[in-house]
Each structure stands twice: as C-alpha cells, then as structure tokens.
Amino acid sequence: MSTIATNNITSTTGTTISVPTGKKIAGTDTGSIYAPGMVIQTVVSEFTTGNVNPSANATWTTVGPNVTITPKFSNSRVLLTHSCGGLIQNTAYAGVRFLRGSTDIGTHWGWTDNSNYIPINLDMINYDNPATTSSTTYYVQTYATQNYTTFHYNYAGFSGGGTRQCLLMAQEIAQ
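Residues numbered from 1 in each chain as written. Predicted model: local features only at pLDDT ≥ 70, side-chain atom pairs only at ≥ 80, totals over all residues. Heavy atoms only, no water.

Visitor: Please give an account of the state of the cysteines that cites residues and values.
Guide: Enumeration according to the criterion identifies 1 disulfide in this entry. A disulfide bridge connects Cys 84 with Cys 166, and the sulfur atoms are separated by 1.9 Å. Taken as a pair, Cys 84 in the loop between strand S3 (77–83) and strand S4 (85–88) and Cys 166 in strand S11 (residues 166–173) lie far apart in primary sequence, 82 residues in all. In terms of burial, Cys 84 and Cys 166 fall into one category: buried. (Disulfide = S-S within 2.5 Å. Helix = DSSP H or I, 4+ residues; strand = E, 2+ residues; numbered from the N terminus. Buried < 20%, exposed > 50% of the residue type's maximum accessible area, 1.4 Å probe, protein only.)

As structure tokens, this is what we get:
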C-alpha cells in the first residue's frame with residue numbers, strides 16, 4: 001500500500017476525476033469528505049411523553065425533544081426538522097418554535113376559537129447559521145394565548161393509546 005500526500009488533485013484532461021469500478025474513497029471521520037450541499041452529520045432526538053401543555057397562558061414553555069450537534073465547520077448551516085402532532089381547543093393563538101439558546105430560529109402559529117378539540121400539525125422545518133464548531137443545543141417550545149391546558153403537544157390519542165413520538169432532527173449541511 002502506498003500513501004500520497006497532496007493538497008490538490010486535478011484532471012489533466014477534462015473536468016472529471018474518476019474512481020474505478022469496485023474502488024471507493026473512504027473518509028476516516030465525520031466530515032472528512034464533503035461538498036457544498038452535502039449532509040455532514042445527522043443527530044435525532046425522540047420524545048414520547050404525551051399531552052404536554054405550556055406552563056401558563058401567553059408563556060413560551062420548553063417541551064419535547066432537544067438535540068445537540070457539534071458542527072464540523074463554522075460556515076455550515078444546520079437544518080432543523082421537527083415532527084409532532086397536537087390537539088387544541090379554544091386556545092386562540094397556539095405556537096411552536098425552535099430555539100438555539102435564547103435565539104428564536106423559527107416560530108410557527110396556529111389559531112382556533114373552536115369549542116371542540118381539533119388536531120394541530122406541529123411539523124416544522126427551519127435552518128440556522130450557528131457560525132461555530134462548538135456544541136450547539138436546539139429546543140422546542142410551545143405557546144397558547146389562552147386555555148393553555150387545552151393545548152396538547154404530542155397528543156396521546158383516545159384513552160392514551162397508540163405510540164407517541166415527536167422527533168427533532170438536526171443536520172449539518174456543508175456550504
């Protein structure tokens with residue numbers, strides 16, 4: 001086996017460098033091989049506690065999953081994906097948002113004055129530019145203008161049955 005040390009590989013003809021069939025280029029750690037737009041790493045957090053309410057009316061409350069990612073590159077973007085369902089009744093505005101520390105990364109709103117319970121989709125996608133290679137934690141918070149006890153994050157379903165699972169995923173995207 002031989003070792004080649006270089007800082008640049010270029011093609012002498014054309015614009016493509018080919019790897020022969022059956023051969024592979026293998027990186028030794030996360031992010032060792034990347035191109036702009038590639039996912040460098042993915043971290044997922046699962047939350048299974050059902051029927052979580054905000055702590056009070058008109059108060060942002062940390063609930064559900066949180067996820068910690070350590071970006072490999074300071075110019076990377078972090079794509080955040082949240083999947084969860086809920087149930088609301090006469091809450092007026094109901095919100096869910098991503099936080100990095102105390103920084104609001106994205107807020108999504110629903111609204112109802114319905115006296116009957118109705119489902120609410122709490123799925124969100126946003127991206128962040130944390131500009132760091134330090135450990136970074138993202139949180140999910142909920143909010144209800146009124147009747148906060150009737151906003152059920154990660155609704156448990158009829159008689160508490162069924163599998164409850166909210167997910168929060170952070171993906172580092174190379175730039």
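After that view, the rundown keeps rolling.
Visitor: Could you give an account of the pattern of salt bridges, naming the residues involved and the relevant values?
Guide: Two side chains bearing opposite charge may form a pair once their charged atoms approach each other closely. On inspection of all chains with the given rule, the structure shows 2 salt bridges. The partner of Asp 104 in a salt bridge is Arg 97, with the nearest N and O atoms 3.8 Å apart. Since its relative accessible area comes to 38%, Asp 104 is described here as partly exposed. (Salt bridge = Lys/Arg side-chain N within 4 Å of Asp/Glu carboxyl O.)

Visitor: So, unusual backbone geometry: which residues are in play, and what are the values?
Guide: In this structure, Asn 51 takes a positive phi of about 55° despite not being glycine. Secondary-structure assignment places Asn 51 in the loop between strand S1 (39–47) and strand S2 (61–69). Taking relative accessible area as the criterion, Asn 51 reaches 30% and is therefore assigned partly exposed.

Visitor: Can you lay out the side chain of Gln 171 for me, pointing to particular residues and giving the numbers?
Guide: With respect to the secondary-structure elements, Gln 171 resides in strand S11. Side-chain polar atoms of Gln 171 contact the side chain of Thr 42, separated by 3.2 Å. Those residues in contact with Gln 171, other than ones at most four positions away along the chain, are Val 39, Gln 41, Thr 42, Ile 69, Arg 77, Val 78 and Leu 79. (Polar contact = N/O pair within 3.5 Å; in protein donor to acceptor, adjacent residues only side chain to side chain. Contact = heavy atoms within 4.5 Å.)

Visitor: Describe the layout of surface pockets, naming the residues involved and giving the relevant values.
Guide: A water-sized probe, rolled over the atoms, reveals where empty space remains. Of the voids in this model, the largest pocket is the one considered here, and its volume is about 370 Å³. Taken together, Ile 4, Thr 6, Asn 7, Asn 8, Ile 9, Ile 17, Ser 18, Val 19, Lys 23, Lys 24 and Ile 25 make up the full set of residues lining the largest pocket. A breakdown of the residues in the lining of the largest pocket according to their chemical character gives 5 nonpolar, 4 polar and 2 charged. (1 Å grid on protein atoms, 1.4 Å probe; cavity = no way out; pocket = protein on both sides within 12 Å on 5 of 7 lines; lining within 4 Å. Points joined across faces, edges and corners; volume = space filled by probe spheres on them. Nonpolar A, V, L, I, M, F, W, Y, C, P; charged D, E, K, R; others polar.)

Visitor: Could you give an account of the environment of Asn 53, naming the residues involved and the relevant values?
Guide: Here Asn 53 lies in the loop between S1 and S2. Separated by 95 residues in the primary sequence, Asn 53 and Tyr 148 place their C-alpha atoms 6.5 Å from one another. With near-sequence residues (within four places) excluded, Asn 53 lies in contact with Thr 61, Val 63, Tyr 148, Thr 149, Thr 150, Phe 151 and His 152. Polar side-chain contacts of Asn 53 include one of 3.2 Å to the backbone oxygen of Thr 149. Here His 152 takes part through its side chain, which lies 3.4 Å from a polar atom of the side chain of Asn 53.

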